[in-house]
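Residue strings, one per chain:
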Amino acid sequence: MKILQVTMNPFPPEIRVYKEAISFKNLGYISGVLSLSKSNEKEFEIINGIHVFRPSVLNKINIFDKIYSFCNFYNHKWSLALKEVINEFNPDCIHYHDIWLGKNINSLIKKEKVIIDLHENMPAAVDQWKKGANKFEWILRYFFQKRKRLFYLERDLITRADHILVVVKEAKERLLLDHPNIASDKVSIVENFEQKRFLNNSLAELNKKFDKNLFKIVYIGGVNPERGLDTFFYALNQLDLKKLKLNSTIYGANNSFYSLYLKSLVKKLGIGQHVKIFEWVESKKVLSLMQKASICVIPHKSNDHTDFTIPHKIYQYMMAKKPIIVSSSPPLKRVIKASKSGFIFKAGDYMSCAKTILKAYKLRNKLDSIGLNGYNYVTKQGYNWEQNSEKELKKIYENIHIK
């Protein structure tokens, strides 16, 4: 069987797409990915056995194409790219990510099976993204990406799909509640567990100590309003950072309106000497950056977006043997309690966050053993990609193949 994944992001490094693509190859399928390209990338190449297609027509997408797609959830140049790759690769199954290309794909389907892979509760996510948007983007989202409109787009796409993937059990519960006509066995959970291979490049550094005299908190991930970094910064402002010898490093910012707001917030709070904000980093550098932390943090707000998804980084932090401070957003709270690998504060409450940071600081001599709990959870108890998510993909695709 040939499986073609479709993503609107460049590949690599799109992390979930990559893990699934490797799994399909490992399971004996012919694995392909259609994606955008970055500069100077080939239109076609084979990466670790994965057939990667980056049609040149996608490099011609202009601002008018983007606005039309933004408003109508359909992009003509993506349809041209899909036709080209479908004709060349001849997939048995098209596995696409999130909702934005669903209308394009459904307009082209003939005999292929269709899998939709929902990373987010997208109708709720867009409501959150509006908060961090510049004025032009906000206007477009306000008029053309209203929550109700996205809700019915999601319903149409999952109804048409042969199978639906979600990333966490709370997401499946939400989907079945919002769309009661969808059968439970049509929805499978393929969680964002991390691959054991994440450790391959840095095993020698796993127990290496960095900045022993500092208490360093690291965040790696998206920088958007729902991520709760403003709560974290306000929490830091409640602490005597100099006395605690505490600093924090944030990786994942870009030149977005919201990233600029966070940088200005750090300056306003007067914590700039203790907080550094950097751009997104290459995936191969992530583990070494985590290893430099005393503790890692995921301060998500709790809302209809974050409460129904889970970030890859929670399991990456565990792989790095790092304890984690998380908010009480249900998926985060559930995983930290099950793994006994960290500390939980009330989502959105900066005073609760500050008290939790202080609690972790006072227990700093025990942080290595708390981090080890997380490491054992993902490596020895089976909460990793190979032992869990890949097995689930195998069941799903064997069933599709039989049908």
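Look up: the structure comes first, before these words.
Residues numbered from 1 in each chain as written. Predicted model: local features only at pLDDT ≥ 70, side-chain atom pairs only at ≥ 80, totals over all residues. Heavy atoms only, no water.

**Notes on the environment of L262**
Alright, step 1. Topologically, L262 is positioned in helix α11 (residues 257-269).
Alright, step 2. L262 sits in the buried class, given a relative accessible area of 2%.
Alright, step 3. For the pair L262 and G382, spaced 120 residues apart in sequence, the C-alpha to C-alpha distance is 37 Å.
Alright, step 4. Setting aside its immediate chain neighbours within four residues, L262 contacts V223, L229, D230, F233 and I277. (Helix = DSSP H or I, 4+ residues; strand = E, 2+ residues; numbered from the N terminus. Buried < 20%, exposed > 50% of the residue type's maximum accessible area, 1.4 Å probe, protein only. Contact = heavy atoms within 4.5 Å.)

**Quick look at the sheet that holds strand β9 (residues 215-220)**
The strands that make up a sheet pair up through hydrogen bonds in the backbone, lying either parallel or antiparallel.
Alright, step 1. As summarised here, the arrangement of the 6 strands in space is β11-β10-β9-β12-β13-β14, forming an open sheet in which the pairing is parallel. The sheet is open, and its two borders are formed by β11 (275-279) and β14 (342-345), each paired with just one other strand. Between one strand and the next, the sheet's axes are offset by a mean angle of 20 degrees, whatever the strand orientation.
Alright, step 2. The sheet contact formed by β9 and strand β12 (residues 295-298) spans 2 bridges and is parallel. Paired with V218 across the bridge in β12 is C296.
Alright, step 3. Contacts from helix α9 (residues 229-236) reach β9, β10 (246-253), β11, β12 and β14, with the element oriented near 165 degrees to β10. (Pairing = 2+ DSSP bridges. Axes fitted to C-alpha atoms, helices over the stretch in contact; angles between N-to-C directions.)

**Details of helix α8 (residues 169-178)**
Each turn of an α-helix holds 3.6 residues, which means side chains three or four residues apart point in the same direction.
Alright, step 1. Residues of α8 that are buried include every one of E170, A171, K172, R174 and L175, and no others.
Alright, step 2. Against the buried residues of α8 lie β6 (113-118), α7 (147-160), β7 (163-166), β8 (187-189) and α14 (330-339).

**A word on the packing of helix α5 (residues 122-131) against α7**
Alright, step 1. For the pair α5 and α7, the least separation of the axes is 8 Å and the interaxial angle reads 150 degrees. By the criterion of interaxial angle, the relationship of α5 to α7 is roughly antiparallel. Crossing geometry of α5 relative to α7 is assigned as right-handed. Along its contact with α5, which presents M122, P123, A124, V126 and D127, the element α7 presents R147, L150, F151 and E154.
Alright, step 2. Residues that form the contact of α5 with α7 fall into these classes: 6 nonpolar, no polar and 3 charged. (Parallel < 35°, antiparallel > 145°, perpendicular 65-115°, else oblique. Left-handed = near helix turned anticlockwise from the far one by under 90°. Nonpolar A, V, L, I, M, F, W, Y, C, P; charged D, E, K, R; others polar.)

**A word on the packing of aromatic side chains**
Alright, step 1. In the structure shown here, the tally under the stated rule is 17 aromatic pairs.
Alright, step 2. The interplanar angle of 45 degrees and the centroid separation of 6.0 Å between the aromatic rings of F232 and F233 together place this pair among those described as tilted.
Alright, step 3. The exposure class of F232 is buried, given its relative accessible area of 0%.
Alright, step 4. Ring centres of Y377 and Y383 lie 4.1 Å apart, and the angle between their planes is 5 degrees; this geometry places the pair in the stacked category.
Alright, step 5. Judged by relative accessible area, Y377 falls into the buried class, the value being 6%.
Alright, step 6. Three or more aromatic residues link up through ring pairs in this structure, and these residues are F193, Y315, Y377 and Y383.
Alright, step 7. Over the ring of Y361 we find R364, and its NZ or CZ is 4.0 Å from the ring centre. (Phe/Tyr/Trp six-rings, centres within 6.5 Å; stacked < 30°, edge-to-face > 60°. Lys NZ or Arg CZ within 6 Å of the ring centre and 35° of its normal.)

**Notes on α5**
Alright, step 1. Of all 10 residues making up α5, 7 are buried, and the element is well covered by its neighbours.
Alright, step 2. Within α5, the full set of buried residues consists of M122, P123, A124, A125, V126, Q128 and K130.
Alright, step 3. Of the surrounding secondary structure, the elements contacted by the buried residues of α5 are α6 (135-144) and α7.

**Points about the pattern of salt bridges**
As a working rule, side chains carrying opposite charge can pair if their charged atoms are close by.
Alright, step 1. Evaluated as defined, the whole model comprises 20 salt bridges.
Alright, step 2. One salt bridge connects K301 with D230, and the closest N-O pair in it is separated by 3.3 Å. In this pair, K301 is assigned in the loop between β12 and α13 (313-319) and D230 in helix α9, connecting sequence segments 71 residues apart.
Alright, step 3. One salt bridge in this structure joins E392 and K395, with 3.3 Å as the shortest N-O distance. You can see E392 and its partner K395 sitting in helix α17 (residues 385-402), 3 residues apart, about one turn around the helix.
Alright, step 4. A residue is classified by how much of its surface remains accessible, and K395, at 52% relative accessible area, is exposed.
Alright, step 5. Three or more residues are tied together by salt bridges with common partners; here these are D127, K130, R147 and D304. (Salt bridge = Lys/Arg side-chain N within 4 Å of Asp/Glu carboxyl O.)

**With respect to the pairing of β7**
Alright, step 1. Because side chains alternate across β7, one face comprises the buried residues H163 and L165, and the other comprises I164 and V166, equally buried.
Alright, step 2. As paired strands, β6 and β7 are joined by 4 bridges and run parallel to one another. By the bridge assignment, I116 is partnered in β7 with I164.
Alright, step 3. For β7 and β8, the ladder comprises 3 bridges, and the chain directions are parallel. Within β8, the position partnered with L165 by the bridge is S188.

**What to know about the environment of S329**
Alright, step 1. Mapping S329 onto the fold places it in the loop between β13 (324-327) and α14.
Alright, step 2. S329 sits 212 residues away from D117 along the chain, and the two C-alpha atoms are 22 Å apart.
Alright, step 3. Non-local contacts of S329, meaning those with residues more than four positions away in its chain, are made with K301, S302, T306, D307 and A347.
Alright, step 4. For S329, the side chain forms a polar contact with the main-chain oxygen of T306, separated by 3.3 Å. (Polar contact = N/O pair within 3.5 Å; in protein donor to acceptor, adjacent residues only side chain to side chain.)

These values are about where atoms sit, not about what they do.
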